[in-house]
Number of protein chains: 2
Amino acid sequence: MGNGQRKSQNQPPRRMGRFLRIGLLLLLRRGENYGYILAAELPKLGLPRQSSVHSVIYRLLRRMEEEGLVSSRWETSQRGPRRRLYSITRQGEIALDILMARLLETTALIERLAAVYHANGDVSQ
Amino acid sequence: MGNGQRKSQNQPPRRMGRFLRIGLLLLLRRGENYGYILAAELPKLGLPRQSSVHSVIYRLLRRMEEEGLVSSRWETSQRGPRRRLYSITRQGEIALDILMARLLETTALIERLAAVYHANGDVSQ
DNA sequence: CACCACTATTGACAATATGTACATAGCATG
DNA sequence: CATGCTATGTACATATTGTCAATAGTGGTG
């Protein structure tokens, strides 16, 4: 207790935007779906629940539609509150490919940093 | 006129904050150093140059000092503009360990997403 | 000396991203 | 009709980031 380390310890909320996009595109690649379900499915892909809050997912989906990565239509003829059904577009599929490629770059960066990290005390270059 | 694909293609600037922090801590673990040099060294660790702009690095270093991860002092007796020399603190070393641990989680997430990505058309599950 | 280039740090501003909380609305149940 | 679940959306505050400019010391050139 009472040590002064809290400030750097209390992990600030991770920035998951990039991963959320990928997760949503992956889910939508499986087929048309709507936000409420997508938000519930994301944690199953490994995304932190905290980042998969509904309002965040809805906002992101609208954004992705603006960008042309997904398209939406209102589900017709079902009971309960209306659902906005999203589908991945061709552009979205391309974007997914690009995002995954960039993920590889990120992995490479991480490995590089990890290598330096583990080169402990070894100060030479 | 032009097709409408540009919007999602032109890659938005990556968010490197987390990696920059790690890079700076790794560099400072090698020994005291100042911003101008640190900004030049980061790309050698694999960080994109775009993210290693001086003003960004200076700002981040000040921020990290506020958080107690690094400490600074003015270099005495040298010619040219004064330099603010940074050192990593004990807390900074701990934070580095934590950041690296979280990097592993990120790697796990990436692998998981990649697995789903490559399970192409395989909609089952 | 006037001018320029390089080193070195900082501050200010706008744009974007994110967290959080709330608002709306349909339907079902007791 | 109060409550709770499904379902979507909006609004506001804050955090992060990119960009640009300001300041300052030193050295070289004409």
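Worth saying up front: this structure is predicted, and the values here are computed from it rather than measured.

A. Expanded view of the pairing of strand E3 (residues 84-88) of chain B. All names here are of chain B. Pairing between strand E1 (residues 33-34) and E3: 2 bridges, direction antiparallel. Counterpart to Tyr 34 in the pairing with E3 is Leu 85. As defined by bridge partners, strand E2 (residues 70-74) adjoins E3 across 5 bridges and the pair is classed as antiparallel. Residue pairing in the sheet places Trp 74 in a bridge with Arg 84 of E3.

B. Structural context of the confidence of the model for chain A. Residue and element names in this part refer to chain A. This prediction gives chain A a mean pLDDT of 86; 85% of its residues lie at or above 70. Summarising per-element confidence for chain A, the mean pLDDT is lowest in helix H1 (residues 6-9) (35) and highest in strand E3 (residues 84-88) (97). Taken as a whole, residues 1-10 scores under 50 in pLDDT and shows 11 contacts with residues more than four places along the chain or in a different chain.

C. Expanded view of the packing of aromatic side chains. Tallied over the full model, the rule gives 0 aromatic pairs over all chains. When the ring centre of A:Trp74 is taken as reference, the NZ or CZ atom of A:Arg82 above it lies at 4.0 Å.

D. Spotlight on the pattern of salt bridges. Residues and elements named next belong to chain A. Applying the stated criterion to the full structure yields 12 salt bridges over all chains. For the salt bridge of Arg 63 with Glu 67, the shortest nitrogen-to-oxygen distance reads 3.3 Å. Residue class for Arg 63 comes out partly exposed when judged on its relative accessible area of 44%. With relative accessibility at 12%, the residue Glu 67 sits in the buried group. Here the residues in one salt-bridge network are Arg 21, Arg 63 and Glu 67, joined through shared partners.

E. Up close: the nonpolar core. Core analysis: the biggest nonpolar cluster contains 33 residues, and A:Phe19, A:Ile22, A:Leu24, A:Leu25 and A:Leu42 have the highest contact counts within it. For this core, the elements supplying multiple residues, two or more each, are helix H2 (17-29), helix H3 (35-41), helix H4 (54-66), E3 and helix H5 (90-118) of chain A together with helix H5 (90-118) of chain B. The element contributing the most residues to this core is H2(A), with 8 residues. Excluding anything up to four places from it in sequence, A:Phe19 contacts A:Leu47, A:Leu103, B:Thr106, B:Leu109, B:Ile110 and B:Leu113.

The rules behind the values
- Residues numbered from 1 in each chain as written.
- Chains lettered and ligands numbered in written order.
- Predicted model: local features only at pLDDT ≥ 70, side-chain atom pairs only at ≥ 80, totals over all residues.
- Heavy atoms only, no water.
- Pairing = 2+ DSSP bridges.
- Helix = DSSP H or I, 4+ residues; strand = E, 2+ residues; numbered from the N terminus.
- pLDDT = per-residue confidence, 0-100.
- Contact = heavy atoms within 4.5 Å.
- Phe/Tyr/Trp six-rings, centres within 6.5 Å; stacked < 30°, edge-to-face > 60°.
- Lys NZ or Arg CZ within 6 Å of the ring centre and 35° of its normal.
- Salt bridge = Lys/Arg side-chain N within 4 Å of Asp/Glu carboxyl O.
- Buried < 20%, exposed > 50% of the residue type's maximum accessible area, 1.4 Å probe, protein only.
- Core = buried A, V, L, I, M, F, W, Y, C linked by side-chain atoms within 4.5 Å.

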